[in-house]
Number of protein chains: 2
Amino acid sequence: MQENVLLVKETLFEKIAFNIQRLIEQEVLKTGDKMPSVRTLSREQKISMSTVFQAYYLLEKKGLIEARPRSGYYVRKPYKRVAAQPAATTTWKMPINVRVDSLVSDFVKTTHKGTFIDLTIAGPSIEMLPVAKLNKSIQAVLRTNKGNSFQYEFPPGNENLLRQIARLSLNWQGSLSPDEIIITNGCLEAVNLCLRAVANQGDTIAIESPTYYGVLQTIESLGMKVLEIATHPEKGIDLDELEKALGKTKIAACLFTLNFNNPLGSCTSDVDKERLVKLLAKRQIPLIEDDILGDLYFGKNRPKNAKTFDKEGLVLLCSSFSKTIAPGMRVGWTAPGRYKEKVERLKFMTNIAAPSLMQQAVAHFLENGRYNNHLKGLRLTYHIQMRKYREAIFRYFPTGTKVTDPHGGHVLWIELPPNLDAVELQRKSIENGVAILPGSIFSAQKRHQHFVRIGCCYPFDQQVEHAIEVVGNLANEMM
Amino acid sequence: MQENVLLVKETLFEKIAFNIQRLIEQEVLKTGDKMPSVRTLSREQKISMSTVFQAYYLLEKKGLIEARPRSGYYVRKPYKRVAAQPAATTTWKMPINVRVDSLVSDFVKTTHKGTFIDLTIAGPSIEMLPVAKLNKSIQAVLRTNKGNSFQYEFPPGNENLLRQIARLSLNWQGSLSPDEIIITNGCLEAVNLCLRAVANQGDTIAIESPTYYGVLQTIESLGMKVLEIATHPEKGIDLDELEKALGKTKIAACLFTLNFNNPLGSCTSDVDKERLVKLLAKRQIPLIEDDILGDLYFGKNRPKNAKTFDKEGLVLLCSSFSKTIAPGMRVGWTAPGRYKEKVERLKFMTNIAAPSLMQQAVAHFLENGRYNNHLKGLRLTYHIQMRKYREAIFRYFPTGTKVTDPHGGHVLWIELPPNLDAVELQRKSIENGVAILPGSIFSAQKRHQHFVRIGCCYPFDQQVEHAIEVVGNLANEMM
């Protein structure tokens, strides 16, 4: 991470790198093309050679260009075009009760205790956590607050933390005020409370197909039904399909992850987000927006939220710091619009308050500008890591395998050849010391049976490459 | 607290003090009786004079004896006999939906922000928290665990904490094993998860009348009904009444606080606990046992739990360290018997896990024997404090006021003369800078309208005495 910390101070070379990246993506610069020499670019752009070096170094880390000894830099083979993306999904015919395999939580538990190479993880690995800085924040808070870190911080939560989160809303061009926000124990609790605020047992929730299994389990535990809506692997939720479904079925609420959907990695465009908000406002249907991965974008700017376009308080935005600062601190939040009072009461009734020290420490961390710096490094790490995982999957998995190419987040959604059973592949992989998640747990209908989700959260090393090779070989044997 | 720390090393003088206390309670030693001189008792009991002094000092602090200058120790006027206890309550005719005033949570929030003298608090004041030792535990854990304090501790929870809680079960003559326990975000979350594990929306839960408003709100939020069962201010739940109700009404589960019920302070005898467990086992009805105050007993031994007698896994024991170590850490737990798997899944679906550092720090605190020492001081403090609060209430409140005399916990339940409206008294008190809780929020039927709950959690000082005087004067004016 050290080098990332150095990089974040500058932005000029990043700008240059992004411009070059765009040229490569638009195929102005094609595979095998020689890049301008460092000296040439320096002279043409009137920038220092060291800036060019830094830009090329960044592009190399991202896997876009490669240095050839005594020859210069060349555009690499772009995996994106070679490797097809999974197909779009379809909308299910009717709402159904959720019965996600009870093995999910057992499975998560098992793999976290065993000696597996665990490719199920979708959260920062220990190397990515800002441990030293979090320790400092905890120490500072304990010193300043005396015993107040051990007394309650009642809902809506620690005032400083509410202020810091409101400040962060500028990043997605929102303008939250602190009194719109409630602190929760992680994002899933926020989603849980919002679901309870807008829907009752037996009501139908529209979700994306596929959807994060934790959300499905939460809906299951609340006795609600789901209607799975069609998605596209890059554009996310299919709004035409959603509109059709809303005409046919009584939907109590929508629950979507518009930015870097887990497992799909898709990101809904700002135009579509605005259309979605209008579409739902017309029908007065609340939207629970799970934005837990929104800060982990690989592009130049953070994508907006649906909440950015919300004029009626119908969007209940949920997020947390679990994917960015520390999963184990369990600090999440929601800005539930017109449902704020109800959600706040539900929070109190569920477990009174979130732990005070955790709230205070995260507030201190944010307040001291540690977050944005940390994020910058984290995003680059994930971007690079994901590219490497993706390449390895293409190297070892059967011909015909398709992989998503997300512009943010940290998971890959893999479509195996259609005859392959992912649950069987999961079973065999575990026997061989590697844990993966089968696609069927991301659907109430147990669809996506030949899909696999792989988290790109461990630093890509020989062990990870070996793990992917093991799963790939098993898949090949099963063909 | 310093003197308590000194006291805990010895037990001989405590034994002697308890024996004398029993003699006073049995009226062998009557009000105004002169106590044997220190010299005499020392000679008769063959103990050192310093031990006698310590015993007398303890009895004096408990308000049982008083020193008269140049005369010796005398048995004090026993408030217990002068002040009548509130009457037993009755069972309600049928199950009803819960609609606790939404003002409860708002009210709690308001008072915690204002400059009130807050007599609503039922939790340790900051002076009672082992802040320095908790800080040490946190430091130690951060040092040892490195980043692992920021990663997940998945349900059932931190292994060391599970072991420590299992060890504590010896205190109530239970024999929990670590694998029976699940860590939660406080006791209310434990109760919430257990309710969801054993009952559905629309089902009826048998509760005590009165019952802690947080529990009522939780039941309300889950859409369940309650049947309020008769209680006695000392013996707690009326088992004959419960048995009758079980014959008439379909009860999905019972939810009782058998040790130092909040607000009643009652403690169900071990004989009755065993009878209760058998009664429910015969009908296969689960019992959610909220034991959050069980460790705060004033007598010689900790009362047992219903769980102590549970042979069929039908008792779901819930507790936390919020009332003893630190409310703001939100570390609770449940031992849900045969419902363990279901509760564990619900925990995962609700908010994935409890914060890791909080679990690890409490485990460290318990592991280092800090808990029992801390508890000993805390119990004495509460015992003394409650006696002083009680005396002040009798000093300032209208004639005819009745007050409970709990053998543990930290709240008093006050029955005002019947024509007094407690909500009105609450309103006036707040205007005069003192916060109290009206009895009606402890009932789904809004019964107990001339009752008030007062927490004895601040050290009893002039300010607290003044606050009680203010409320007492207002009550007198309203007569």
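Here, the structure is the one placed above.
Since the structure is predicted, the reported quantities are computational estimates derived from the model, not experimental observations.

Novice: I'd love a proper account of the pairing of strand S2 (residues 72-75) of chain A, names of residues and values included.
Specialist: All names here are of chain A. With 4 bridges connecting them, strand S1 (residues 65-68) and S2 associate as antiparallel partners. Across the sheet, residue Arg 68 finds its bridge partner in S2, namely Gly 72. Taking the residues that link successive antiparallel strands as the turn, the S1-S2 hairpin has 3 residues, and the phi of Arg 70 there is positive, at about 55 degrees.

Novice: Kindly report on helix H8 (residues 159-168) of chain A, identifying the contributing residues and their values.
Specialist: Owing to its 3.6 residues per turn, the α-helix brings residues three or four apart onto one side. Residue and element names in this part refer to chain A. Here H8 lies mainly inside the structure; 7 of its 10 residues are buried. If you check which residues of H8 are buried, you get Asn 160, Leu 161, Leu 162, Gln 164, Ile 165, Ala 166 and Leu 168. On its buried face, H8 sits against strand S5 (182-184), strand S13 (332-335), helix H14 (356-367) and helix H15 (370-396). The opening residue of H8, the one whose side-chain oxygen lies 3.1 Å from the backbone nitrogen of Asn 160, is Asn 158.

Novice: Break down the sheet that holds strand S14 (residues 402-403) of chain B for me, citing the residues and quoting the values.
Specialist: Residues and elements named next belong to chain B. Spatially, S14-S15-S18-S17 is the arrangement adopted by the 4 strands of the open sheet, whose pairing is antiparallel. Strands at the two margins of the open sheet, each flanked by one partner only, are S14 and strand S17 (437-438). By the bridge criterion, 2 bridges tie S17 to strand S18 (residues 451-455) in an arrangement that is antiparallel. Note on S18: the bridge partner recorded for Leu 437 is Arg 453.

Novice: Any details on empty space enclosed by the protein? Residues and values, ideally.
Specialist: Residue and element names in this part refer to chain B. Taken as a whole and judged by the stated rule, the model has 6 cavities of 30 Å³ or more. Put simply, the largest cavity is a space of about 190 Å³. As for the largest cavity, its lining consists of 16 residues, and the residues nearest its centre are Cys 187, Tyr 212, Asp 290, Ile 292 and Lys 323. In terms of residue count, helix H9 (residues 186-198) provides more of the lining of the largest cavity than any other element does, 4 residues in total.

Novice: Can you lay out the sheet that holds strand S15 (residues 411-415) of chain A for me, pointing to particular residues and giving the numbers?
Specialist: Taking strand neighbours across the sheet as the criterion, the 4 strands line up as S14-S15-S18-S17 (chain A) in an open arrangement whose pairing is antiparallel. The open sheet has two free edges, formed respectively by strand S14 (402-403) and strand S17 (437-438) of chain A, since each of these has just one partner strand.

Novice: Tell me about the nonpolar core, residues and numbers included.
Specialist: A:Ile219, A:Phe321, A:Ile468, B:Ile219, B:Phe321, B:Ile325 and B:Met329 are the most contacted members of the largest nonpolar core, which totals 232 residues. Sequence-distant contacts of A:Phe321, that is, excluding residues within four places in its chain, are made with A:Ile165, A:Leu168, A:Ala326, A:Val331, A:Trp333, A:Val362, A:Leu366 and A:Tyr371.

Novice: Before we move on, could you go through the interface of chain A and chain B and cite the residues and values that matter?
Specialist: On the side of chain B, 62 residues touch chain A, which itself brings 62 residues to the contact. Approximately 5,000 Å² of surface area, both sides summed, lies buried where chain A meets chain B, with 59% of it carried by carbon and sulfur atoms. Our enumeration of links across chain A and chain B arrives at 2 salt bridges. Between B:Glu220 and A:Arg345 there is a salt bridge, with its nearest N and O atoms 3.8 Å apart. Where chain A meets chain B, there are 19 residue pairs in polar contact (both at pLDDT 80 or more). Only helix H6 (103-113), helix H7 (131-145), helix H9 (186-198), helix H10 (213-221), helix H13 (340-351) and H14 of chain A provide two or more residues apiece to the side of chain A that touches chain B. The leading source of residues in the side of chain A that touches chain B is H13(A), at 8 residues. When the residues that make up the side of chain A that touches chain B are grouped by side-chain class, the tally is 29 nonpolar, 20 polar and 13 charged.

Novice: How would you sum up the relation of the copies chain A and chain B? Please name residues and give values.
Specialist: Take chain A, turn it by 180 degrees, move it 0.1 Å along the axis, and it overlays chain B with an RMSD of 0.1 Å. In short, the pair behaves as if placed about a two-fold rotation axis. Comparing interface residues between copies, 98% of those in chain A also sit at the interface in chain B, which points to an isologous, same-surface contact.

Novice: Just give me the short version of the pairing of S18(B), but keep the residues and values in it.
Specialist: All names here are of chain B. Of all 5 residues that make up S18, 5 are buried, and the element is covered over most of its length. Along S18, one buried face is formed by Phe 451, Arg 453 and Gly 455 and the opposite face, lined by Val 452 and Ile 454, is buried too. Across 5 bridges, strand S15 (residues 411-415) lies against S18 in antiparallel orientation. Residue Glu 415 lies in a different strand from S18, and its bridge partner there is Phe 451.

Novice: Can you explain the packing of H9(B) against helix H13 (residues 340-351) of chain B? Please cite residues and give values.
Specialist: Residues and elements named next belong to chain B. Where H9 contacts H13, the axes come no closer than 9 Å and their chain directions differ by 120 degrees. Here H9 is positioned oblique relative to H13, judged by the angle of their axes. For the pair H9 and H13, the sense of crossing is right-handed. The segment H9 lies against H13, with Glu 189, Leu 193, Cys 194, Arg 196 and Ala 197 engaging Lys 342, Val 343, Leu 346, Lys 347, Thr 350 and Asn 351. Of the residues that constitute the contact of H9 with H13, the class distribution is 5 nonpolar, 2 polar and 4 charged.

Novice: Explain unusual backbone geometry to me, and be specific about the residues and the numbers.
Specialist: Following A:Pro155, the chain continues to A:Pro156 via a peptide bond in cis, the omega torsion being 10 degrees. For A:Pro156, the location among the structural elements is in the loop between H7 and H8. With a phi close to 55 degrees, A:Gln173 is a non-glycine residue in the positive phi region. Positionally, A:Gln173 belongs in the loop between H8 and S5. The exposed category is assigned to A:Gln173, whose relative accessible area is 53%. Positive phi is not limited to glycine here, since B:Lys46 has a value of about 55 degrees.

Reading the values: rules and limits
Residues numbered from 1 in each chain as written. Chains lettered and ligands numbered in written order. Predicted model: local features only at pLDDT ≥ 70, side-chain atom pairs only at ≥ 80, totals over all residues. Heavy atoms only, no water. Pairing = 2+ DSSP bridges. Helix = DSSP H or I, 4+ residues; strand = E, 2+ residues; numbered from the N terminus. Buried < 20%, exposed > 50% of the residue type's maximum accessible area, 1.4 Å probe, protein only. Contact = heavy atoms within 4.5 Å. Polar contact = N/O pair within 3.5 Å; in protein donor to acceptor, adjacent residues only side chain to side chain. 1 Å grid on protein atoms, 1.4 Å probe; cavity = no way out; pocket = protein on both sides within 12 Å on 5 of 7 lines; lining within 4 Å. Points joined across faces, edges and corners; volume = space filled by probe spheres on them. Core = buried A, V, L, I, M, F, W, Y, C linked by side-chain atoms within 4.5 Å. Buried area = accessible area lost by both parts, 1.4 Å probe. Salt bridge = Lys/Arg side-chain N within 4 Å of Asp/Glu carboxyl O. Nonpolar A, V, L, I, M, F, W, Y, C, P; charged D, E, K, R; others polar. Least-squares fit on C-alpha atoms with pLDDT ≥ 70 in both. Axes fitted to C-alpha atoms, helices over the stretch in contact; angles between N-to-C directions. Parallel < 35°, antiparallel > 145°, perpendicular 65-115°, else oblique. Left-handed = near helix turned anticlockwise from the far one by under 90°.

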